[in-house]
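The primary structure of each chain is shown beneath.
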Amino acid sequence: KSNLYKIFKNILKPFLEKNELKINKVDVSEINIANARIIVNRSKLLELLPKNAKIAEIGVANGDFSAEILAVAKPIKMHLIDFWGSSRYNSKLKQNVYHRFSNEIKEGLVEINLGLSTDVASSFEDQYFDWIYIDTDHSYKTTKKELELYAPKMAKNGIIAGHDFTIGNWIGMNRYGVMEAVYEFCVNEGWEILFVTSEITDNPSFAIRKIQ
């Protein structure tokens, strides 16, 4: 390995170690995975999630997966929750999503809820959603908060699913915390893992629900 690599590694190491200490790590028990199933991808996950349901996609971006959800899950009501407030996920994407689903919005099938995921949660009544799919900033802190805030909003047997169930994006130098947040939540709150997808070409997804 080059000297430049070693120098870069030594500079980053203290920062990475400090950041790692902020991520709580809890191992799941047998009860949390007793009904777990590995499936091919998140398209298959959509086939297995309840149809004709009240649902939400939290983190919409350009709406590509939103369109797939609508086509496969055929919800009776779908909420699209996003902030669109960063340079990457900006107001142009927001306008594209409004235009893309303009007919569904007029029909009342789709409703766009603007705001951060953690702020918007309180606008929904308890036990409202049959399932939700989270795809926001993938950090431990945010995912942990989202799980805590949206859990009361789930109907009986409601399912919380989400993207980026992996350690991180190494090219982008981003350390994710979805796995750790999900495991900790399942152990502490009595939830179980139902599905984990197994993509290599995309980041895996998860689906969990309250233990019956």
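Note: the structure precedes this text.
The structure presented is a predicted model; accordingly, all values stated were derived computationally and were not measured.

**Student:** Before we go on, may I ask you to explain the overall build of the protein chain in this structure?
**Tutor:** If you tally the helices and strands in the protein chain, you get 9 helices and 10 strands. Taking 2.2 N^0.38 as the reference for a compact globule, 212 residues should give roughly 17 Å; the C-alpha atoms of the protein chain span a radius of gyration of 18 Å, in line with that estimate. When the backbone C-alpha atoms are referred to their principal axes, the protein chain occupies close to 60 × 45 × 30 Å. Looking at the protein chain as a whole, 42% of its 212 residues qualify as buried. Nonlocal contacts in the protein chain, meaning residues at least 24 apart in sequence, comprise 68% of its contacts between residues at least 6 apart. Distance between charge centroids for the protein chain: 4 Å, based on 27 positive and 27 negative side chains.

**Student:** How do you make sense of the pairing of strand S3 (residues 77–82) when you look at a structure like this?
**Tutor:** Looking along a regular strand, one sees the side chains alternate between the two faces of the sheet. For S3, the buried fraction is high: 6 of the 6 residues fall into the buried class. Because side chains alternate across S3, one face comprises the buried residues Lys77, His79 and Ile81, and the other comprises Met78, Leu80 and Asp82, equally buried. This β-α-β element, strand S2 (residues 54–58) to helix H4 (residues 64–73) to S3, shows right-handed connectivity. Strand direction decides the pairing type here: S3 and strand S4 (residues 110–114), joined by 5 bridges, are parallel. Bridge pairing in S4 places aspartate 82 opposite leucine 114.

**Student:** In this structure, what is going on with the pattern of salt bridges? I would like to understand it.
**Tutor:** Any two side chains of opposite charge can pair if their charged atoms end up close together. Counted according to the given criterion, the structure contains 8 salt bridges. A salt bridge links lysine 44 to glutamate 47, with the nearest nitrogen and oxygen atoms 3.5 Å apart. Within this pair, lysine 44 and its partner glutamate 47 are both found in helix H3 (residues 42–48), separated by 3 residues, close to a single helical turn. Across the pair aspartate 64 and arginine 100 runs a salt bridge, and its minimum N-O distance is 2.7 Å. With a gap of 36 residues between them, aspartate 64 in helix H4 and arginine 100 in helix H5 (residues 91–100) connect regions that are remote in the sequence. Overall, aspartate 64 belongs to the partly exposed group, its relative accessible area being 44%. Look at arginine 100 and you get partly exposed, because its relative accessible area is 39%. If you follow the salt bridges from partner to partner, you end up with Lys144, Glu148 and Glu184 in one network.

**Student:** Can you walk me through the nonpolar core in this structure?
**Tutor:** The tendency in soluble globular proteins is for nonpolar side chains to be buried as a group. Judged by nonpolar contacts, the single largest core of 28 residues is most densely connected at Ile132, Leu147, Tyr150, Ile160, Val182, Trp191 and Ile208. Put simply, the parts of the chain that give this core at least two residues each are S2, strand S5 (129–134), helix H8 (140–150), strand S6 (154–162), helix H9 (178–189), strand S9 (191–197) and strand S10 (206–210). Looking at this core, the element that brings in the most residues is H9, giving 5 residues. Isoleucine 208 has contacts with Leu147, Gly158, Ile159, Ile160, Val182, Phe185, Cys186, Trp191, Glu192, Ile193 and Leu194, leaving out every residue within four places of it along the chain. In terms of nonpolar packing, the next biggest core, distinct from the first, is built from 26 residues, Phe65, Met78, Leu80 and Ile159 among them.

Rules behind the numbers
Residues numbered from 1 in each chain as written. Predicted model: local features only at pLDDT ≥ 70, side-chain atom pairs only at ≥ 80, totals over all residues. Heavy atoms only, no water. Helix = DSSP H or I, 4+ residues; strand = E, 2+ residues; numbered from the N terminus. Rg over C-alpha atoms; globule rule 2.2 N^0.38 Å. Buried < 20%, exposed > 50% of the residue type's maximum accessible area, 1.4 Å probe, protein only. Contact = heavy atoms within 4.5 Å. Lys, Arg positive; Asp, Glu negative; His and termini not counted. Charge placed at Lys NZ, Arg CZ, Asp CG, Glu CD. Right-handed = clockwise from strand over helix to strand, strands pointing away. Pairing = 2+ DSSP bridges. Salt bridge = Lys/Arg side-chain N within 4 Å of Asp/Glu carboxyl O. Core = buried A, V, L, I, M, F, W, Y, C linked by side-chain atoms within 4.5 Å.

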